[in-house]
Amino acid sequence: MIAVKTVLHVLALLPFAWLVADIYLDRLGADPIAELTHATGLWALRFLLLALTVTPLRRVTGWNVLARFRRLIGLYAFFYASVHLSIYLVLDLGGYWSQILEDIVKRPYITVGFAAWCGLLALALTSTRGMMRRLGRRWTQLHRIVYGIGVLAVLHFWWLVKSDVREPAVYAALLALLLVLRLPPVARRIQRRPRAPAPVQRGA
Amino acid sequence: AAPVAPGEEAFRTTEEQTRYEDATAYNNFYEFGTGKDDPAKYAHRLRTSPWNVEIAGHAETTGVVALEDLLKPLAVQERIYRLRCVEGWSMVIPWSGVPLGELLARFKPTAQAKYVAFTTLADPEQMPGLRYRSIRWPYVEGLRIDEAMHPLTLLATGMYGRELAKQNGAPLRLIVPWKYGFKSIKSIVKIEFVENMPPTSWNELQPSEYGFFSNVNPDVDHPRWSQKTERRLAGSGSRVFADRIPTRPFNGYAEQVASLYAGMDLRKWF
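Everything quoted here is computed from the prediction, not taken from an experiment.

Caption draft 1: Broad picture of the interface of chain A and chain B. Between chain A and chain B, the residue contacts involve 29 residues of the former and 31 residues of the latter. Summed over both partners, the interface of chain A with chain B comes to about 2,500 Å²; 49% of that surface belongs to carbon and sulfur atoms. The three residues of chain A that bury the most area against chain B are A30, D31 and K162 of chain A, which together make up 28% of that side's buried surface. Applying the counting criterion to the chain A and chain B interface returns 7 salt bridges. As a salt-bridge pair, R231 of chain B and D31 of chain A come within 2.8 Å of each other at their nearest N and O atoms. Put simply, chain A and chain B have 15 residue pairs in polar contact (both at pLDDT 80 or more) between them. Contributing elements (two or more residues each) for the side of chain A that touches chain B: α2 (32-61), α3 (70-92), α4 (99-106), α5 (108-125) and α8 (145-160) of chain A. Along the lines of polarity and charge, the residues of the side of chain A that touches chain B split into 15 nonpolar, 4 polar and 10 charged.

Have a look at this one:
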């Protein structure tokens, strides 16, 4: 298990390492800050969708072991979302930080993006075993906000594009699929049932 | 560079210039795709010669004119302008071209010519971006006649002492340095003198975000981007840690152009 998790950490950090290399090698083109912001936002959204894929995939395949990687994947969504927000604050707005308050209030795509990050923060802070125990049933209720975070994250992407919504539409479709797979009737149908033991032959 | 005389500053700024590689690799030219790098990838399909421009509308002379004939009588001038994109970034680019006003005057616009409307080429064979209706094709833009006649307004045919790159709107594009970049329409095939304010592409798509005038104005926010400051994409160093700079009214050309809008409420006529 530790080996698998180590591999997952390395894979999850690869995009980050790649971007750091891009900065040092000056491979980010004319507007590196825009490029970094966009790339880290995309990775946050991808990890969020990946975390939402764990449960349906577990149901379909019956591989319950997958549940053990869900927290790790979710925390990387928070990690990339935090890097994304930090780049916006420190590199992009640098020196004009007060602008963020105005942005959050006045610009709907930033409002929903910031709300999504706040949601991820709440989930990250309560992701420990201790918090799980302490919150009990309320932990499950709280962590259902991840569906809302997914919707906010896709809206954040959708509303920032000027006219070509094809790319956010792909993410919206993936999110819709992952949510539909959770509807109880659908979830029941995709659930792989443990095969019943073969009936013992009696008599002859 | 030669020293710049006072008053000349507006025509040739001495600010640090954007690298040629950046100005030709980071473009909004949706006819070739909506990605910033799409125009550089696909604009080689554009055939810029022969190129004709149709001059139409309220003028004594109209008709289809070959580009060479259109430009022949005019002396090419160099201009170094700031270019401010509505998305919050800016560049400094040396252009060469002819003042639009001098070119238009030759066609003797009549008193009814209150506005000038421009149209970009829309040929799906040369422009793969046309397959997706990101905006209504062809791209159209417009200026009020006094804006068109202003000495700062340029029809560019070159940049950085070379031919205009195709991704930058070859062979003929507009440059209106005090307006957001999307007003500076590329690869122009038609110029028409009209009486009423002509439709413009971005305004048609989202009237609440893009006005007809679209003068650079730090006091009027775009619903998606604050226009108070900008990322200046210039110089040869890394821009990862570069500071934002404040955006100036009329992109720093207020002294030359503010009088065009005297008495107008610029919050209403954004």
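From this point, the discussion proceeds with the structure in view.
Caption draft 2: Up close: the environment of A165 of chain B. Residue and element names in this part refer to chain B. For A165, the position within the fold is in the loop between β8 (162-163) and β9 (173-175). Taking the relative accessible area as the measure of exposure, A165 reaches 9% and is therefore buried. Put simply, A165 and K190 are 25 residues apart on the chain and 20 Å apart in space, counted from C-alpha to C-alpha.

Caption draft 3: Looking closely at the packing of aromatic side chains. Going through the model one piece at a time under the given rule, you end up with 21 aromatic pairs over all chains. Centroid distance Y26 of chain B to W89 of chain B: 5.1 Å. Interplanar angle 65°. Geometry classified as edge-to-face. Placement of Y26 of chain B in the loop between α1 (20-23) and α2 (38-42) and of W89 of chain B in strand β4 (residues 89-99) is noted, with a sequence separation of 63 residues between them. Per residue, the accessibility class of Y26 of chain B equals that of W89 of chain B, and both read buried. Measuring from centroid to centroid gives 5.1 Å for W202 of chain B and Y210 of chain B, while their planes differ by 50°, and the two rings are tilted. The exposure class assigned to Y210 of chain B is buried, which follows from its relative accessible area of 1%. Here the basic side chain of R46 of chain A rests over the ring of W43 of chain A, its NZ or CZ set 4.5 Å away from the ring centre. Over the face of the ring belonging to Y26 of chain B we find K36 of chain B, whose NZ or CZ atom lies 5.5 Å from the ring centre.

Caption draft 4: Highlighting the pattern of salt bridges. Across all of its chains, the model carries 30 salt bridges over all chains by this definition. Taken together, the shared-partner salt bridges connect E102, D103, K106 and R107 of chain A together with D221 and K228 of chain B into one network.

Caption draft 5: Quick peek at the pairing of strand β2 (residues 63-66) of chain B. Residues and elements named next belong to chain B. Across 4 bridges, the pairing between strand β1 (residues 52-57) and β2 is antiparallel. If you follow V53 over to β2, its bridge partner there is V65. Taking the residues that link successive antiparallel strands as the turn, the β1-β2 hairpin has 5 residues.

Caption draft 6: Structural detail: the UniProt feature "transmembrane region" (unreviewed entry) in chain A. Residue and element names in this part refer to chain A. According to UniProt, the positions carrying the feature "transmembrane region" (unreviewed entry) are residues 43-61, 73-97, 109-125, 145-162 and 168-185. Overall, residues 145-162 shows 89% helix and 0% strand. The separation of its end C-alpha atoms is 28 Å. Helix makes up 83% of residues 168-185 and strand 0%. Its end C-alpha atoms lie 28 Å apart.

Caption draft 7: Quick look at a nonpolar patch on the surface. Residues and elements named next belong to chain A. A contiguous nonpolar surface patch, about 500 Å² in accessible area, is contributed by L13, F16, V20, Y24 and L25. Of note, L13 is situated in helix α1 (residues 2-25). Looking at L13, the relative accessible area reads 34%, which means it is partly exposed.

The rules we used
Residues numbered from 1 in each chain as written. Chains lettered and ligands numbered in written order. Predicted model: local features only at pLDDT ≥ 70, side-chain atom pairs only at ≥ 80, totals over all residues. Heavy atoms only, no water. Contact = heavy atoms within 4.5 Å. Buried area = accessible area lost by both parts, 1.4 Å probe. Salt bridge = Lys/Arg side-chain N within 4 Å of Asp/Glu carboxyl O. Polar contact = N/O pair within 3.5 Å; in protein donor to acceptor, adjacent residues only side chain to side chain. Helix = DSSP H or I, 4+ residues; strand = E, 2+ residues; numbered from the N terminus. Nonpolar A, V, L, I, M, F, W, Y, C, P; charged D, E, K, R; others polar. Buried < 20%, exposed > 50% of the residue type's maximum accessible area, 1.4 Å probe, protein only. Phe/Tyr/Trp six-rings, centres within 6.5 Å; stacked < 30°, edge-to-face > 60°. Lys NZ or Arg CZ within 6 Å of the ring centre and 35° of its normal. Pairing = 2+ DSSP bridges. UniProt positions renumbered as here; feature names shortened; annotations may be inferred. Patch = residues over 30% accessible without salt bridge, like charges linked within 9 Å, V, L, I, M, F, W, Y side chains within 5 Å. Areas by Shrake-Rupley, 256 points an atom, 1.4 Å probe, with all protein chains shown as cover.

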